[in-house]
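Okay, here's what each chain looks like letter by letter:
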Amino acid sequence: MPFEGLTQKLSDIFKKLRGKGKLTEADVDAALREVRLSLLEADVNYKVVKEFISNIRQRAVGEEVLSSLTPAQQVIKIVYEELAAIMGKDVRRLDLTGSPPAVILLLGLQGSGKTTTAGKIALLLKKQGKHVMCVSCDVWRPAAQRQLEIVAQKAGAGFFTLGGDSKAEDIARAGIAQARRQGYDVVILDTAGRLQIDEDMMEEARRIASVSEPQEKILVVDAMTGQEACKVAQVFDEKVGISGIILTKVDSDARGGAALSVVKVTGKPILFASTGEKIEDFEVFHPDRMASRILGMGDVLTLIEKAQEAIDEEKAREFERKLRKNQFTLDDFLEQMRDMRKMGSIGDILRMIPGFSRAKLDIDVDPKDWTRVEAIIQSMTKEERRRPEIIDGSRKKRIAKGSGTSVQDVNRLLKKFSEARKMMSRLSSMDKAGKFPF
Amino acid sequence: MGLFEKLKASLSKTSAFLREGIDRALRPGAIGPESFEEIEALLIQVDVGVKAAGEIVEEVKERLKREKIQDPGRLVSLIEEKVAAILSTTSKPLRVSDSPPTVYLLVGVNGSGKTTTAAKLAYRWTSQGKTAIAAACDTFRAAAAEQLEVWSRRVGMEIIKHQEGSDPAAVAFDAAHAALARRKDLLVVDTAGRLHTKKNLMEELRKVVRVIAREIPGAPHEILLVIDGTTGQNGLIQARVFTEAVGVTGVVLTKLDGSAKGGIAVAIAGELGLPIKLVGVGEGLDDLKDFDPAGFAKALFAGDRSDQV
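Model, not experiment: these values are computed from the prediction. (Residues numbered from 1 in each chain as written. Chains lettered and ligands numbered in written order. Predicted model: local features only at pLDDT ≥ 70, side-chain atom pairs only at ≥ 80, totals over all residues. Heavy atoms only, no water.)

## Quick notes on the overall build of chain A
Argument step 1. Across its full length, chain A carries 20 helices and 8 strands.
Argument step 2. Here chain A, with 438 residues, has 53% of them falling under the buried criterion.
Argument step 3. Counting only contacts in chain A whose residues sit at least 6 apart along the sequence, the fraction spanning at least 24 positions is 72%.
Argument step 4. Of the roughly 20,200 Å² of accessible surface on chain A, 51% is carried by carbon and sulfur atoms. (Helix = DSSP H or I, 4+ residues; strand = E, 2+ residues; numbered from the N terminus. Buried < 20%, exposed > 50% of the residue type's maximum accessible area, 1.4 Å probe, protein only. Contact = heavy atoms within 4.5 Å. Areas by Shrake-Rupley, 256 points an atom, 1.4 Å probe, with all protein chains shown as cover.)

Okay, here's the thing in structure tokens:
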């Protein structure tokens, strides 16, 4: 959960505020003082905080807000809007215009996650039907090229590099030429990690940028870096020029300093957020939705998008039909679980639902449990999957043996399934529109 | 360049910031309770942490009163002394086992520099004629084992690796046996980066520790948490969670040659009582140094004193 600490603090502050029927200017000031402290503690840039608080104050202590029927709500709404504003307000998409291949150059400090990010962007673009080639210009870190090769393969993208003592900029040039010949739409240039104060390496970055003429020069930033990210971004921008930022490791408990400071301080937008280790754990950065998550208000929009991405529409319709006729089988159950898994962990999913985001959740299912459920269902005959009620004691024993689990495990699964079935038949009779139960 | 010079250079931004701020807080006519609040805020801003910063300021205030110190210039050295004291209470050298192999396990979040640290750590041994072997327990990240393998060749150690996606505990098991059978002086275990927020990955790490402890009694002799020096305050949380999960025995602060603020060392030592054992101050093989509390504190407050010399 990104920025959990901050979320906790802010919701405590707002709870206090909500407890009051009428608000005075002093109440608002007291709350804002606390907001200010929690932002500073979250490592948000001092100047950004100052401006943020003064903006809110200006809007919040007006007659209209204080004399409204729900003053606390109004104040929170203002905080939400200002929070979204400091992260950039609108979504900024990748610019891939111009004659192909469009070139995306990734830059950043060591260990910020450039190579992994290259694979994630490749997959994202691949899903949009683009042909992507990953080019490794990292001639420094051992096995960096091999890592990108594997990652590119996972993403279904092409890969290029030059061995031996090639210079990074020569690899970039040759890679782009090759991509052009082979008709690729996009080239992603991965580079070695470099410190912004390392003159030689910054010079190398400049050379790569000048031979590759990238549409996007993106700085990859570790969210845990905090507001130090601003300084790093400023120097990279001065020396190489950057067009945007990708935040990585947002699934940590980073305090928010990077996300909340960097846009305002550098004037560069955040394009994506990387939210997990898996190649598909990558999101377009929506400032408003992030603000909503930080304030503990959930993020239903992202959830719906994730569901749409993970679930085939055709399958969903088929599923719905079965639901209506109450023909939901264990095969469907298995499939549905697989779809859920594609969306991320249960905990991640729940936290995007308003009301759950603030709850301390400890329900993440061990991936091994998923595997167990899969094994159990796959150890059943087709008939058993269709009509689980025929599974008696001896069948249970056989299934347990076949899946390497115990009869209790089988029982537990069957119970879960019958509950799910009951709930779904209730849902389908209740909601004739037959929407997917999210 | 000596270690102190390197540290001083890498912490120069922090120390300049601190000196400037402290001078501002103590400018003539402005000294009062607010000066201390300002100094506290300065310390927090360089990642010293709320608790340690409060402690430092309290003690300095106390001493000023008790020793009737009038000269504001003395204040900096009082702060520096207190920081050095915090850092050195936990300071301990790396443990070395009487009966080889000595086993060091490296853990940390993604991208903190574990693999590079593993190599540099081994180099400290191999460059002295000792033998080392590495366990490539990062079976998750693409080409992680290959990265360690290239390093191993450079520093002259052997390596035990399995296929990508295999069980890291199995790699640890094989490596422990290889280290014993081949009579290695050092076994260094590199693990996959994991965010401390991931429960099941911490469980995986515990299993690696269990396997090592079972196969080599007394091992691992150090469980070193590798923290990226530029991380800042999140490093404190990482240290807390990893310590709870696997019992970290010491911290390696890497990338101190960059824009690291450095105060995190004080926070870790002060709040968690966890010793900083090593610092990475450069990209060279021998740029992994023993942590020196007094030198570190001095570098942190060195500021630019050239005008005063």
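## Things to note about the sheet that holds strand 5 (residues 222-228) of chain B
Residue and element names in this part refer to chain B.
Argument step 1. Pairing in this open sheet of 8 strands is mixed, and the strands run 3-2-4-1-5-6-7-8 from one edge to the other. Two strands lie at the open edges of the sheet, namely strand 3 (158-160) and strand 8 (288-290), each paired on one side alone. In this sheet, neighbouring strand axes are inclined to one another by 25 degrees on average, regardless of whether the strands run parallel or antiparallel.
Argument step 2. As judged from the 3 bridges shared by strand 6 (residues 250-254) and strand 7 (residues 276-280), these two strands associate in the parallel manner. Paired with Val-252 across the strands is Leu-278, a residue of strand 7.
Argument step 3. Running over the sheet, helix 8 (residues 168-181) touches strand 2 (132-137), strand 3 and strand 4 (186-191) and is turned about 170 degrees from strand 2. (Pairing = 2+ DSSP bridges. Axes fitted to C-alpha atoms, helices over the stretch in contact; angles between N-to-C directions.)

## Description of helix 4 (residues 50-66) of chain B
An α-helical turn contains 3.6 residues, so a residue and the one three or four places further along point in the same direction.
Residues and elements named next belong to chain B.
Argument step 1. Taking 1.5 Å per residue as the helical rise, helix 4 with its 17 residues ought to reach 24 Å, and the 24 Å between its terminal C-alpha atoms agrees with that figure.
Argument step 2. Taken together, the buried positions of helix 4 are occupied by Ala-52, Ala-53, Gly-54, Ile-56, Val-57, Val-60, Arg-63 and Leu-64.
Argument step 3. Considering only its buried residues, helix 4 is in contact with helix 3 (33-45), helix 5 (73-89) and helix 11 (264-272).
Argument step 4. Two residues or fewer past helix 4, Lys-68 is found with a positive phi of approximately 50 degrees. (Expected span 1.5 Å × (residues − 1).)

## Details of the interface of chain B and chain A
Frequently, the measure chosen for interface size is the accessible area that the parts lose on association.
Argument step 1. At the junction of the two partners, chain B supplies 37 residues and chain A supplies 31 residues.
Argument step 2. Counting across the interface, chain B meets chain A through 3 salt bridges.
Argument step 3. Across the pair B:Glu146 and A:Arg146 runs a salt bridge whose closest N-O atoms are separated by 2.9 Å.
Argument step 4. There are 9 residue pairs in polar contact (both at pLDDT 80 or more) connecting chain B and chain A.
Argument step 5. Of all the secondary-structure elements, those providing two or more residues to the side of chain B that touches chain A are helix 7 (144-155), helix 9 (199-215) and helix 10 (234-246) of chain B.
Argument step 6. Residue contributions to the side of chain B that touches chain A peak at 5 residues, all from helix 7 of chain B.
Argument step 7. Residues that form the side of chain B that touches chain A fall into these classes: 10 nonpolar, 14 polar and 13 charged. (Salt bridge = Lys/Arg side-chain N within 4 Å of Asp/Glu carboxyl O. Polar contact = N/O pair within 3.5 Å; in protein donor to acceptor, adjacent residues only side chain to side chain. Nonpolar A, V, L, I, M, F, W, Y, C, P; charged D, E, K, R; others polar.)

## Some words on the pattern of salt bridges
Argument step 1. Per the stated rule, a full pass over the model turns up 47 salt bridges over all chains.
Argument step 2. Of the charged contacts in the structure, one is a salt bridge between A:Glu34 and A:Lys16, with a shortest N-O distance of 3.1 Å. Of this pair, A:Glu34 sits in helix 2 (residues 25-41) while A:Lys16 sits in helix 1 (residues 4-19), placing them 18 residues apart in sequence.
Argument step 3. Residue A:Glu34 is classed as partly exposed on the basis of its relative accessible area, which comes to 32%.
Argument step 4. B:Lys207 is paired through a salt bridge with B:Asp167; the nearest N and O atoms lie 2.8 Å apart. Remark: B:Asp167 occurs in the loop between strand 3 and helix 8 and B:Lys207 occurs in helix 9; sequence separation between them is 40 residues.
Argument step 5. Residue classification places B:Lys207 among the partly exposed positions, given a relative accessible area of 36%.
Argument step 6. Judged by its relative accessible area of 31%, B:Asp167 is partly exposed.
Argument step 7. One network of salt bridges, in which partners are shared, links A:Arg59, A:Lys77, A:Glu81 and A:Glu82.

## Observations regarding helix 6 (residues 114-126) of chain B
Argument step 1. Over its 13 residues, helix 6 of chain B extends 18 Å from the first C-alpha to the last, a length consistent with the 18 Å expected when each residue adds 1.5 Å.
Argument step 2. Turning to helix 6 of chain B, its buried residues number three or more, namely B:Lys114, B:Thr115, B:Thr117, B:Ala118, B:Ala119, B:Lys120, B:Leu121, B:Ala122, B:Trp125 and B:Thr126.

## Digging into the environment of A:Ala157
Residues and elements named next belong to chain A.
Argument step 1. Structurally, the position occupied by Ala-157 is in the loop between helix 7 (144-155) and strand 3 (158-160).
Argument step 2. For Ala-157, a relative accessible area of 15% translates into the label buried.
Argument step 3. For the pair Ala-157 and Glu-204, spaced 47 residues apart in sequence, the C-alpha to C-alpha distance is 26 Å.
Argument step 4. Every residue in contact with Ala-157, bar those within four places of it in the chain, is listed here: Ala-122, Val-132, Cys-134 and Ala-152.

## Some points on the pairing of strand 7 of chain B
Residue and element names in this part refer to chain B.
Argument step 1. Most of strand 7 sits out of view: 5 of its 5 residues are buried.
Argument step 2. Summarising the sheet, strand 7 and strand 8 pair through 3 bridges and their orientation is antiparallel. Of the residues in strand 8, the one forming a bridge with Gly-280 is Leu-288.

## Focus on the side chain of A:Lys249
Argument step 1. Among the structural elements, A:Lys249 can be located in the loop between strand 6 (244-248) and helix 11 (257-266).
Argument step 2. Judged by its relative accessible area of 9%, A:Lys249 falls in the buried class.
Argument step 3. Sequence-distant contacts of A:Lys249, that is, excluding residues within four places in its chain, are made with A:Gly111, A:Ser112, A:Asp222, A:Ala223, A:Met224, A:Ser274, B:Asn110, B:Gly111 and B:Leu195.

## Comments concerning the sheet that holds strand 8 (residues 282-284) of chain A
All names here are of chain A.
Argument step 1. On the basis of which strands lie adjacent, the open sheet formed by 8 strands has the order 3-2-4-1-5-6-7-8 and mixed pairing. With partners counted over all chains shown, the strands left at the sheet margins are strand 3 and strand 8, one partner each. Sheet twist, expressed as the average angle between the axes of neighbouring strands with direction ignored, equals 25 degrees.
Argument step 2. Across 4 bridges, the pairing between strand 1 (residues 102-108) and strand 4 (residues 186-190) is parallel. Bridging across to strand 4, Leu-105 finds its partner in Leu-189.

## Structural notes on the side chain of A:Ser261
Argument step 1. One can find A:Ser261 in helix 11.
Argument step 2. By relative accessible area, A:Ser261 is classed as buried at 0%.

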